[in-house]
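Geometric and topological summary
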Amino acid sequence: MRKKNKRQKFTIFDVLMYGLVGIMAIACLYPFVNVLAYSFSGANAVLSNDVTFYPKDFTLAAYQNVFARPAIWNAMRTTVIITLVGTALSLVLTIAAAYALSYENLPGRRALSGFILFTMYFSGGIIPTFLVVKNLGMYDSLAALIIPNAISVFNFVVMRTFFREIPRELYEAAQIDGAGKARMFFSITLPQISPIIFFNLLNQMIQALQNFTSASVITEGGPLKATYVLGLKLYKEGFSYFKMGYASAISWVVFTVIVAFTLLIFGSSKFWVHYGDE
């Protein structure tokens, strides 16, 4: 007996949902397409705000300027340094804090956890941060862009949760075999929390590559543009000097760098990230 193929009927709800998803997709993709079109358009078309989905007066001048000027390479070098050092420091501090505060018998654990969580809900803002950085002698230095962003409370909370979910039987078995604290940490703890390390690494790296607020408010790119990052360079060119084509080209360079770092992390994850079913 043949089964009749019933055609799927579209309801008004389906039409509305598909339409809503399509509008959201266009809203998300349009800025990318528009900025890409700006980066390949001529100066007159950009200034007259004539560019929409496709370039006008097609030219590669913006990208030629990006790769010809040493300022962009200095900004890229500074951004990469902040990203590598800041991400490594963030991981070390987050893992150390979460590991210590995951132990139930740690004296003062609740109070310390409360102090940390308080900063997530009630932040002092950029001005108190600027005053602290200045009084600690970090003003106009790379440390001002790294240390204030060294730890994320949200990442700490997620990391601590992963520590608590590690089966205690693994540690008990390791202790019976004579393993010390260091051996258990590197052989049991790190492999068990490698998925959340992967998440934190990716999240912190992307945030560091997009650094703008700290460089703009705290250091202003000084001294002598030593803390001039790609985000600040992009903003200055686009909104201070009104070189939107050049700024759009820089934005695509930043996007390419982020994608390259992301692919590198994803590609290497198969060698060090261990999931529960493996």
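In this report, the structure presented in the accompanying data block is examined. What you see is a predicted model, and the numbers here were worked out from it, not measured in a lab.

**Remarks on the nonpolar core**
Counting residues in hydrophobic clusters, the biggest one holds 40 residues, and the most contacted among them are Val66, Met159, Phe163 and Ile193. Here this core takes eleven residues from helix α10 (residues 181-209), the largest share from any one element. Leaving out residues up to four positions away in the same chain, Phe163 has contacts with Ile95, Ala98, Tyr99, Ser102, Arg168, Thr189 and Ile193. Ile146, Tyr228, Val229 and Leu232 belong to the second-largest nonpolar core, a separate cluster that totals seven residues.

**Comments concerning the side chain of Asn200**
By secondary structure assignment, the location of Asn200 is in helix α10. With relative accessibility at 3%, the residue Asn200 sits in the buried group. The contact partners of Asn200, leaving out residues within four places of it in the chain, are Leu91, Thr94, Asn155 and Met159.

**Overview of the environment of Ala150**
Within the secondary structure layout, Ala150 lies in the loop between α7 (143-146) and α8 (153-164). Since its relative accessible area comes to 4%, Ala150 is described here as buried. Measuring from C-alpha to C-alpha, the distance between Ala150 and Lys270 comes to 26 Å, with 120 residues separating the pair along the chain. Not counting residues up to four positions away in its chain, the partners in contact with Ala150 are Leu89, Ser90 and Leu93.

**What about the side chain of Thr87?**
Among the structural elements, Thr87 can be located in helix α4 (residues 70-101). Under the relative-accessibility criterion, Thr87 is labelled buried at 5%. The residues touching Thr87, leaving out its near neighbours within four places in the chain, are Ile82, Leu201, Gln204 and Met205.

**As for the packing of aromatic side chains**
Under the defined criterion, the tally for this structure stands at 17 aromatic pairs. An angle of 70° between the planes, with centres 6.5 Å apart, marks the rings of Phe32 and Trp252 as edge-to-face. Taken together, the residues span a long stretch of sequence, with Phe32 in helix α1 (residues 12-39) and Trp252 in helix α13 (residues 244-272) at a distance of 220 residues. Connected via pairs of aromatic rings, a cluster forms that spans Tyr99, Tyr103, Phe163, Phe185 and Phe186. Over the face of the ring belonging to Tyr246 we find Arg69, whose NZ or CZ atom lies 4.6 Å from the ring centre. Taking the ring centre of Tyr103 as reference, the NZ or CZ of Arg168 above it sits at 5.6 Å.

**A short note on unusual backbone geometry**
You will see that Asn49, though not glycine, has its phi angle at about 55°, which is positive. Residue class for Asn49 comes out exposed when judged on its relative accessible area of 56%. Of note in the backbone geometry, Asp57 takes a positive phi value of approximately 55° without being a glycine. Position of Asp57 among the secondary structure elements: in the loop between α2 (43-47) and α3 (61-68). Look at Asp57 and you get exposed, because its relative accessible area is 54%.

**Examining the environment of Ile197**
By the secondary structure assignment, Ile197 is in helix α10. Through-space distance from the C-alpha of Ile197 to that of Val273 is 8.4 Å; in sequence the pair is 76 residues apart. Aside from chain neighbours lying at most four places away, what touches Ile197 is Leu91, Ile95, Met159, Leu190 and Trp272.

**What to know about a nonpolar patch on the surface**
Taken together, the side chains of Ile26, Leu29, Tyr30, Phe32, Val33, Phe53, Tyr54, Phe255, Val259 and Leu263 make up a nonpolar region of the molecular surface, amounting to roughly 990 Å² of accessible area. Elements represented by at least two residues in the nonpolar patch include exactly α1 and α13. Looking at the nonpolar patch, the element that brings in the most residues is α1, giving five residues. The partly exposed category is assigned to Phe32, whose relative accessible area is 43%.

**A look at the packing of helix α5 (residues 109-121) against α8**
The geometry of α5 relative to α8 is characterised by a closest axis approach of 9 Å and an angle of 145° between their N-to-C directions. On α8, the residues that touch Arg109, Ser113, Ile116, Leu117, Thr119 and Met120 of α5 are Val153, Phe154, Phe156, Val157, Arg160 and Arg164.

Definitions and cut-offs
Residues numbered from 1 in each chain as written. Predicted model: local features only at pLDDT ≥ 70, side-chain atom pairs only at ≥ 80, totals over all residues. Heavy atoms only, no water. Core = buried A, V, L, I, M, F, W, Y, C linked by side-chain atoms within 4.5 Å. Buried < 20%, exposed > 50% of the residue type's maximum accessible area, 1.4 Å probe, protein only. Helix = DSSP H or I, 4+ residues; strand = E, 2+ residues; numbered from the N terminus. Contact = heavy atoms within 4.5 Å. Phe/Tyr/Trp six-rings, centres within 6.5 Å; stacked < 30°, edge-to-face > 60°. Lys NZ or Arg CZ within 6 Å of the ring centre and 35° of its normal. Patch = residues over 30% accessible without salt bridge, like charges linked within 9 Å, V, L, I, M, F, W, Y side chains within 5 Å. Areas by Shrake-Rupley, 256 points an atom, 1.4 Å probe, with all protein chains shown as cover. Salt bridge = Lys/Arg side-chain N within 4 Å of Asp/Glu carboxyl O. Axes fitted to C-alpha atoms, helices over the stretch in contact; angles between N-to-C directions.

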